[in-house]
Amino acid sequence: MTRPREPVKIVGAGLAGALLAVLLARRGIRVQLLERRPDPRQVKPESGRSINLALASRGLRALEAAGVIGSVRPLLIPMRGRMVHEPGAAPALLPYGQREHEVIYSVGRADLNRVLIEAATAHPGVEVRFGATCTGIDPAGGRLHLRGADGAEREEEAAVVIACDGAGSAVRTALVRAQRMEMREDWLDHDYKELTIPARDGRPVLEPHALHVWPRGGFMLIALPNTDGTFTATLFLPRTGPVSFAALGAPTAVAAFFAREFADAVPLMPALAQEFAQHPQGQLGTVHASPWHLGGRVLLLGDAAHAIVPFHGQGMNAAFEDCTVLDALLADGGDWSTLFMRFSALRRPDTEAIAQMAVENYTEMRDTVRDPGFVRRKALAMALERRFPERFIPRYSMVMFHPEIGYAEALRRGTVQAQILAELDGAHESADSHSAARLVTERLSPLRHYGS
Ligand SMILES: Cc1cc2nc3c(=O)[nH]c(=O)nc-3n(C[C@H](O)[C@H](O)[C@H](O)COP(=O)(O)OP(=O)(O)OC[C@H]3O[C@@H](n4cnc5c(N)ncnc54)[C@H](O)[C@@H]3O)c2cc1C
């Protein structure tokens, strides 16, 4: 790799930007991280913005590659499955996987970001500038427009810019305006709002090793555990319509809605009315940008390139996987232009696949998870995995626990598997049957990376 004389400028010291800075620094590349927010090590994080996240194997692998996993581990709470809360029934755990290590982890966004920034600043080759907002970029690359914390505008030379400035990327916006990139945002017609389930006497009031779901058909409430015994709950609800955020303008409407739909959760949220009124209502969507790079001067990475809806818990994981893919390509050498081109070609099919699976997972979480047929087919899928572990791995497991299988491959095999499950379930055939053996061996090739 040709080392630029100038440091590589990474716009955004969020999750991907900070991790990428560590990986580049480990390869001897100097980095300047430009972040619009103040230093998170010195100020309290804003509330109401996806406070905790589900971390799975793709993200863990990237944190290991960057040598930061030791500092991250104490922040992680394992979640073994979905704890489904149906009205009038005891909560029931649907395990995510069937092996001891097949768990996902709840992690606080602010704590994780702080650890990554600490790791980045520990490298002498990394400089972080907080309060530096990118306001634009020259269409041909080369100059970055910045506004400092004091409001002063300036321009800086930038030989190589990697935009990790999130779903609303200013770098991407400037390049779209200059007609150097195209972008489409598919907004979901559902929004979200975060609420708090506090601890009682320092102890969690729900099972801490699960992701709690109150599926209600068309909308849902979920809750992820935090290390202090609290949970962050998120309501996903249509923006408009009879059951929607728009219909919850009055506090009495909020109270009646929660009492009707989430009766068992209401006593766990003593500040519900106040938080509902005060916390922001967030929008959700999928970003499709093209191209992701301008020669060897600018690259979009993470949410800036491919933000997705959060229902597979994979946005951060995919952004972290971007970092490991770019890092692995760096090892091959070559110029920045070739590197960015190879990165885009490799990653695009995978990020398009996870974008699709993330939207599909919303239907699963809020609706299908309640369907006895879904629970039956999930059990069948697990039985098939036990019988044919080298061929049949449930799609959810491929995405969450098998980073050696790309997202696009998981989507492709998952479609074949769904058909097999439908045929076996429809014919009341078990995983032990001859039909199961025939369908699996005929339609699913052995996994190349099995056992790796
Ligand atoms: C409700 C919700 C729940 C989610 N849950 C999960 C989950 O469970 N698991 C999962 O894997 N993913 C989840 N995600 C997705 C995840 O949050 C993102 O995919 C991830 O944060 C992407 O990382 P990033 O570094 O690309 O962007 P970000 O984390 O958004 O970081 C962007 C950084 O750039 C900075 N920045 C922005 N603009 C500028 C500018 N103009 N100049 C300088 N700096 C700038 C920002 O301040 C920020 O620090 C969720 C998202 C939402 C909305």
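Residues numbered from 1 in each chain as written. Predicted model: local features only at pLDDT ≥ 70, side-chain atom pairs only at ≥ 80, totals over all residues. Heavy atoms only, no water.

Quick word on the packing of helix 1 (residues 15-26) against helix 4 (residues 109-121)
Put simply, the rule is: An axis is simply a line fitted to the C-alpha atoms; with a helix, the fit covers only the stretch in contact. Between two such axes, the angle follows the N-to-C directions and lies from 0 to 180 degrees. Secondary structure follows DSSP: runs of H or I at least 4 residues long count as helices, runs of E at least 2 residues long count as strands, and numbering of each begins at the N terminus. When describing relative orientation, an angle under 35 degrees is termed roughly parallel and one over 145 degrees roughly antiparallel, while 65 to 115 degrees is termed roughly perpendicular and anything else oblique. Here a crossing is taken to be left-handed if its near helix is turned anticlockwise relative to the far helix by less than a right angle, and right-handed if that turn runs clockwise. In what follows, a contact means two residues having at least one pair of non-hydrogen atoms within 4.5 Å. Put simply, Ala, Val, Leu, Ile, Met, Phe, Trp, Tyr, Cys and Pro go in the nonpolar bin, Asp, Glu, Lys and Arg in the charged bin, and everything else, Gly too, in the polar bin.
Direction vectors running N to C along helix 1 and helix 4 enclose 25°, while the axes themselves pass 8 Å from each other. By the criterion of interaxial angle, the relationship of helix 1 to helix 4 is roughly parallel. In this structure, the crossing between helix 1 and helix 4 has a hand that is left-handed. Residue-level contacts link L15, A18, L19, A21 and V22 of helix 1 to R109, L112, N113, L116, I117, A119 and A120 of helix 4. In terms of residue class, the contact of helix 1 with helix 4 is made up of 10 nonpolar, 1 polar and 1 charged.

Notes on helix 13 (residues 407-426)
Going by this rule: Any helix carries an expected span of 1.5 Å times its number of residues minus one.
Taking 1.5 Å of rise per residue, 20 residues should cover 28 Å, and helix 13 covers 28 Å from first to last C-alpha, within 8% of that figure. Contact partners of the buried residues in helix 13: helix 2 (57-65), helix 9 (315-330), helix 10 (336-366), helix 11 (372-387), helix 12 (395-401) and helix 14 (434-443). Where helix 13 ends, the next residue or the one after it, H428, has phi of about 55°, a positive value.

Quick look at the nonpolar core
Taken as a class, soluble globular proteins show a tendency for nonpolar side chains to be buried jointly. What counts is decided by this rule: Think of a nonpolar core as a cluster: buried Ala, Val, Leu, Ile, Met, Phe, Trp, Tyr and Cys residues, connected wherever their side-chain atoms sit within 4.5 Å. Relative accessibility thresholds used throughout: buried, under 20% of the residue-type maximum; exposed, over 50%; partly exposed, between the two (1.4 Å probe, protein chains only).
Counting 76 residues, the largest nonpolar core has I10, I162, L301 and F320 as the members making the most contacts within it. Per-element tally for this core: the top contributor is helix 1, with 10 residues. Those residues within four positions of I162 in sequence are excluded, and the remaining contacts are V8, K9, I10, V11, L20, L24, L299, L301, L326 and F340.

Let's talk about the site of the ligand
Quick note on the threshold: Near residues are defined by distance, with any heavy atom within 4 Å of the molecule or strand qualifying the residue. N or O atoms within 3.5 Å of each other form a polar contact, as long as, within protein, one can give a hydrogen and the other can take it, and as long as residues adjacent in sequence are counted only when both atoms are side-chain atoms. Residue-level accessible areas treat just the shown protein chains as cover; the underlying method is Shrake-Rupley with a 1.4 Å probe.
Within the structure, the ligand sits among 31 residues, and E35, R37, A54, R109 and D303 are positioned closest to it. A54 is positioned such that a nitrogen or oxygen atom in its backbone is 2.7 Å from an oxygen atom of the ligand. In the environment of the ligand, an oxygen atom lies 2.5 Å from a nitrogen or oxygen atom belonging to the side chain of R109. If the ligand stood free it would expose 1000 Å²; the protein chains cover 91% of that surface. For the shell around the ligand, the elements supplying multiple residues, two or more each, are helix 1, strand 2 (31-35), strand 3 (52-55), strand 9 (133-137) and helix 9. The element that contributes the greatest number of residues to the shell around the ligand is helix 9, accounting for 3 residues. In the shell around the ligand, the residues fall into 14 nonpolar, 10 polar and 7 charged.

Describing the layout of surface pockets
The following threshold applies: Here the term cavity refers to a set of points on a 1 Å grid, laid over the protein atoms alone, in which a 1.4 Å probe fits but cannot get out; the term pocket refers to an open set having protein on both sides within 12 Å along at least five of seven lines, with lining residues being those that place an atom within 4 Å of a point. Grid points are joined across faces, edges and corners, and a volume is the space filled by probe spheres set on the points.
If you add up the space inside the second largest pocket, you get close to 570 Å³. Lining the second largest pocket we find 20 residues, and of these E364, F374, R395, A418 and L421 sit closest to its centre. Those elements that place two or more of their residues in the lining of the second largest pocket are helix 10, helix 11, helix 12 and helix 13. Of the residues in the lining of the second largest pocket, the class split is 8 nonpolar, 7 polar and 5 charged.

A short note on the sheet that holds strand 15 (residues 220-225)
The cut-off we apply is this: When DSSP finds two or more bridges between a pair of strands, those strands are recorded as paired.
As summarised here, the arrangement of the 7 strands in space is 6-5-14-15-16-13-17, forming an open sheet in which the pairing is mixed. The outermost strands of the open sheet, each flanked by one partner alone, are strand 6 (92-95) and strand 17 (282-290). Pairwise comparison of adjacent strand axes, ignoring direction, gives a mean angle of 30° for this sheet. The pairing of strand 5 (residues 81-84) with strand 6 spans 4 bridges and is antiparallel. Counterpart to M83 in the pairing with strand 6 is L93. The sheet contacts of helix 5 (residues 170-177) involve strand 13 (182-197) and strand 17, and relative to strand 13 the element is tilted by about 155°.

Some thoughts on unusual backbone geometry
Omega for the bond connecting S290 with P291 falls within 30 degrees of zero, at -10°, which places this linkage in the cis form. Inspection of the secondary structure assignment puts P291 in the loop between strand 17 and strand 18 (293-294). The phi torsion at D201 lies on the positive side, around 50°, for a residue other than glycine. Structurally, the position occupied by D201 is in the loop between strand 13 and strand 14 (211-215). By relative accessible area, D201 is classed as exposed at 77%. Of note, H428 is a non-glycine position whose phi angle comes to about 55°, a positive value. If you trace the backbone, H428 turns up in the loop between helix 13 and helix 14.

Let's talk about the domain arrangement of the protein
Interface extent is often summarised as the accessible area lost during association of the parts. To keep it simple, the criterion reads: Where each domain begins and ends is defined by an automated method or by a domain database. Buried area: the accessible area, evaluated with a 1.4 Å probe, that two parts lose upon being put together, summed over both parts. One speaks of a salt bridge when a side-chain nitrogen belonging to Lys or Arg is within 4 Å of a carboxyl oxygen belonging to Asp or Glu.
Here the domain parsing of the protein yields domain 1 (8-77 + 107-185 + 285-360), domain 2 (187-283) and domain 3 (371-443). Taken over C-alpha atoms, the centre of domain 1 sits 29 Å from the centre of domain 2. The interface is formed by 16 residues belonging to domain 1 together with 16 residues belonging to domain 2. Carbon and sulfur atoms make up 63% of the surface buried where domain 1 meets domain 2, a total of about 1400 Å² over both sides. Taken together, domain 1 and domain 2 are joined by 0 salt bridges.

A short note on the pairing of strand 9
The buried fraction of strand 9 is high, at 4 of 5 residues. Inspection of the sheet shows strand 9 paired to strand 10 (residues 142-147) by 4 bridges, in the antiparallel sense. Pairing of T133 across the sheet is with R147, part of strand 10.

Focus on the packing of aromatic side chains
What counts, and what does not: A pair of Phe, Tyr and Trp rings is counted when the ring centres sit within 6.5 Å of each other, with Trp represented by its six-membered ring. The angle between the planes then sorts it: under 30 degrees is stacked, over 60 is edge-to-face, the rest tilted.
Applying the stated criterion across every chain yields a total of 15 aromatic pairs. On the basis of an interplanar angle of 80° and a centroid distance of 6.1 Å, the ring pair of F258 and F276 is categorised as edge-to-face. Here F276 lies in helix 7 (residues 272-278) and F258 lies in helix 6 (residues 251-261), a separation of 18 residues in the sequence. You'll find F258 and F276 in the same group, each marked buried. Residues W336 and F340 carry aromatic rings whose centres are separated by 5.7 Å and whose planes lie at 65° to one another, so their mutual orientation is edge-to-face. Of the two residues, W336 and F340 are both situated in helix 10; the distance of 4 residues between them amounts to about one turn of the helix. Grouped by ring-pair contacts, the aromatic residues F219, F245, F257, F258, F262 and F276 constitute a single cluster.

Let's talk about the sheet that holds strand 10
One open sheet accounts for 3 strands, arranged 9-10-11; its pairing is antiparallel. This sheet does not close on itself; its edge strands, each paired only once, are strand 9 and strand 11 (153-158). Across the sheet, the mean angle separating the axes of adjacent strands is 35° when strand polarity is ignored.

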